[in-house]
Amino acid sequence: AVVSTQSTGTRFLFDWVMSAITVVLGSQWGDEGKGKIVDLLAEKVNIVARCQGGNNAGHTVVVGDTHYDFHLLPSGIVYDNIECVIGNGVVVHIPSLFEEMDKNTAKGLTGIENRLLISDRAHIVTDAHQTVDGANEKASGSLGTTKKGIGPTYSSKMKRNNLRMVDLLGDEGALKAKLTKLLSEFAQAYPGESFDVETQWDRLRGYLERVRPMIKDSVLFMHQAIASGKNILVEGANATMLDIDFGTYPYVTSSNCTVGGVCTGLGIPPSKINEVIGVVKAYTTRVGAGTFPTELTDEIGKALGDIGHEYGVTTGRRRRCGWLDLMVLRYTHMINGFTKIAVTKLDILDTFEELKVCTGYRLNGVELSSFPADHGLLERIEPVYTVIEGWKSSTIDCRTYDSLPGQAKAYIRLIEEFLGVKVCWIGVGQSRDSIIVV
């Protein structure tokens, strides 16, 4: 079939071929292991794209003995035959992007700059935005942000006074004027901070020649890729419970980490999305402040953190740990419509005598049917737990579902039955081959 679209004076014709678009999203508060699932699925795709967030995200991919840490780069960049896209919904700190590229090139990745496309509509994180982020944290009390300038950049985007990637392609005088105006507004709002125009201009200008070849019309690129039948994998950053609209506000990030952010952050029509995969850590973790109904502040929580090496890729902060919360997962499934589930880090639970899984919330003796919006209510919630006997044996060498201990399979079934979604992947270790395909 031939589908035509018309614009003034121009007719574009595309022969549409079936394209598979798969979205991978975090279902908790981040750090679920999305990068590992993306790495697994990327073998069979042509394009891997980021749609939101900035370098406040952190994904780790382990290839052999090499650990690759990604913050802005899509995890698919480890494959030298894959094109990667940083979409219009992403905010980009250019010095950090090149630092990340150079660091991973030193570890053996090749041709990154030739395979990376940055949307001309993506907004730029300046050093000034990072200064403002730090000032806001000090002034308002910590929300637990990474201080990477992400929130202030999205604020500038909404105020319509920010720099975009497309500005780097035009006249340098006009670019400097926009930067000067932005810094002037920051200086008025934050008189105690330094916003030196010449310093920041020299730093930005130093990257122009290198970044310009990567800046493209990402909307057209994605549209043509879909039309030609290319397989596309979208890598969500952060996670649903950190979404600016649906997360535990105000302790959230500044972008939409849900499936809607894929459409607005890449220009992809929702009708073209085939699969939405929710990544679930076998227990729950959270970095920074904010409510956490199943948090464990005892020795069990410490053990989960120690065994699971729960330290943030981006900040190095120790993650808070707790039991798996199926009420959170039911809520995030409502929003995203997961078609498949990937459970990661099941092996971290191997040594526990018993496990608890939250299957309900109680407030003042009354069971709740949904996840409350009120942060104050959330802090008073009493989790209702289902207790499962631990399997007390290693799953690290398991490579099939049938080889898992019986209680481990019961744990997976509980997730499936509660959500009504099939678990299709189970992670039992760090390496690439330590994922069970169900």
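Thresholds, definitions, all that
Residues numbered from 1 in each chain as written. Predicted model: local features only at pLDDT ≥ 70, side-chain atom pairs only at ≥ 80, totals over all residues. Heavy atoms only, no water. 1 Å grid on protein atoms, 1.4 Å probe; cavity = no way out; pocket = protein on both sides within 12 Å on 5 of 7 lines; lining within 4 Å. Points joined across faces, edges and corners; volume = space filled by probe spheres on them. Helix = DSSP H or I, 4+ residues; strand = E, 2+ residues; numbered from the N terminus. Nonpolar A, V, L, I, M, F, W, Y, C, P; charged D, E, K, R; others polar. Axes fitted to C-alpha atoms, helices over the stretch in contact; angles between N-to-C directions. Parallel < 35°, antiparallel > 145°, perpendicular 65-115°, else oblique. Left-handed = near helix turned anticlockwise from the far one by under 90°. Contact = heavy atoms within 4.5 Å. Core = buried A, V, L, I, M, F, W, Y, C linked by side-chain atoms within 4.5 Å. Buried < 20%, exposed > 50% of the residue type's maximum accessible area, 1.4 Å probe, protein only. Salt bridge = Lys/Arg side-chain N within 4 Å of Asp/Glu carboxyl O.

Draft legend 1. Representation of the layout of surface pockets in the model. Considering only enclosed or pocket space, the second largest pocket measures out at about 640 Å³ in volume. Considering the residues around the second largest pocket, the lining is formed by 28 residues, among which Gly-33, Thr-60, Arg-319, Lys-345 and Gln-430 are closest to the centre. For the lining of the second largest pocket, the elements supplying multiple residues, two or more each, are α1 (34-41) and β5 (59-63). Considering only residue class, the lining of the second largest pocket consists of 7 nonpolar, 12 polar and 9 charged.

Draft legend 2. Here's a closer look at the packing of helix α6 (residues 172-189) against helix α7 (residues 197-205). α7 packs onto α6 with a crossing angle of 135 degrees between their chain directions and a minimal axis gap of 10 Å. Between α6 and α7, the interaxial angle falls into the category oblique. Note that α6 runs across α7; the crossing there is right-handed. Between α6 and α7, the contacting residues are Glu-172, Leu-175, Lys-176, Leu-179, Thr-180 and Leu-183 on the first element and Val-197, Glu-198, Gln-200, Trp-201, Leu-204 and Arg-205 on the second. Here the contact of α6 with α7 is built from residues that sort into 6 nonpolar, 2 polar and 4 charged.

Draft legend 3. Structural detail: the nonpolar core. Grouped together as the largest cluster of nonpolar side chains are 68 residues, with contacts concentrated most on Val-234, Leu-266, Ile-268, Ile-273, Leu-346, Leu-349 and Tyr-411. Sorting elements by how many residues they give to this core places helix α14 (residues 406-419) first, with 7 residues. In this structure, Leu-349 is in contact with Ala-282, Tyr-283, Leu-304, Leu-355, Trp-391 and Tyr-411, ignoring residues within four places of it in sequence.

Draft legend 4. Local environment of the pattern of salt bridges. Enumeration over the complete set of coordinates arrives at 25 salt bridges. Between Asp-39 and Arg-432 there is a salt bridge, and its shortest N-O distance comes to 2.7 Å. With Asp-39 in helix α1 and Arg-432 in the loop between β21 (423-427) and β22 (435-437), this residue pair connects regions lying 393 residues apart in the sequence. Residue Arg-432 is classed as partly exposed on the basis of its relative accessible area, which comes to 34%. Among the ionic pairs, Arg-319 bridges to Glu-310, the shortest N-O distance being 2.6 Å. In this pair, the class of Arg-319 matches that of Glu-310, namely buried. Taken together, the salt bridges that share partners define one network made up of Asp-31, Lys-281, Glu-310, Arg-319 and Lys-345.

Draft legend 5. Highlighting the environment of Gly-134. By the secondary structure assignment, Gly-134 is in helix α4 (residues 127-140). Judged by relative accessible area, which is 15%, Gly-134 ranks as buried. As for Gly-134 and Gly-149, which are separated by 15 residues in sequence, their C-alpha atoms are 8.0 Å apart.

Draft legend 6. Highlighting the packing of helix α12 (residues 326-336) against α14. Interaxial distance between α12 and α14 falls to 10 Å at its minimum, and their mutual angle equals 45 degrees. Comparing their axes, α14 and α12 come out oblique. Classified by chirality, the crossing of α14 by α12 is right-handed. Contact with α12, carried on its side by Leu-326, Met-327, Leu-329, Arg-330 and His-333, involves Leu-414, Ile-415, Phe-418 and Leu-419 of α14 and no other residues of that element.

Draft legend 7. Structural context of empty space enclosed by the protein. Under the definition given, this model contains 2 cavities of 30 Å³ or more. Estimated volume of the largest cavity: approximately 110 Å³. Lining the largest cavity are His-93, Ile-94, Pro-95, Ile-124, Val-125, Thr-126, Asp-127, Leu-179, Gln-200, Arg-203 and Leu-204. Counting residues per element, the ones that place at least two in the lining of the largest cavity are α2 (94-106) and α7. Of the residues forming the lining of the largest cavity, the biggest block, 3 residues, is contributed by α7. Here the second largest cavity defines a volume of roughly 40 Å³. As for the second largest cavity, its lining consists of Met-327, Arg-330, Tyr-331, Met-334, Ser-369, Ser-370 and Phe-371. Grouping the constituent residues of the lining of the second largest cavity by class yields 4 nonpolar, 2 polar and 1 charged.

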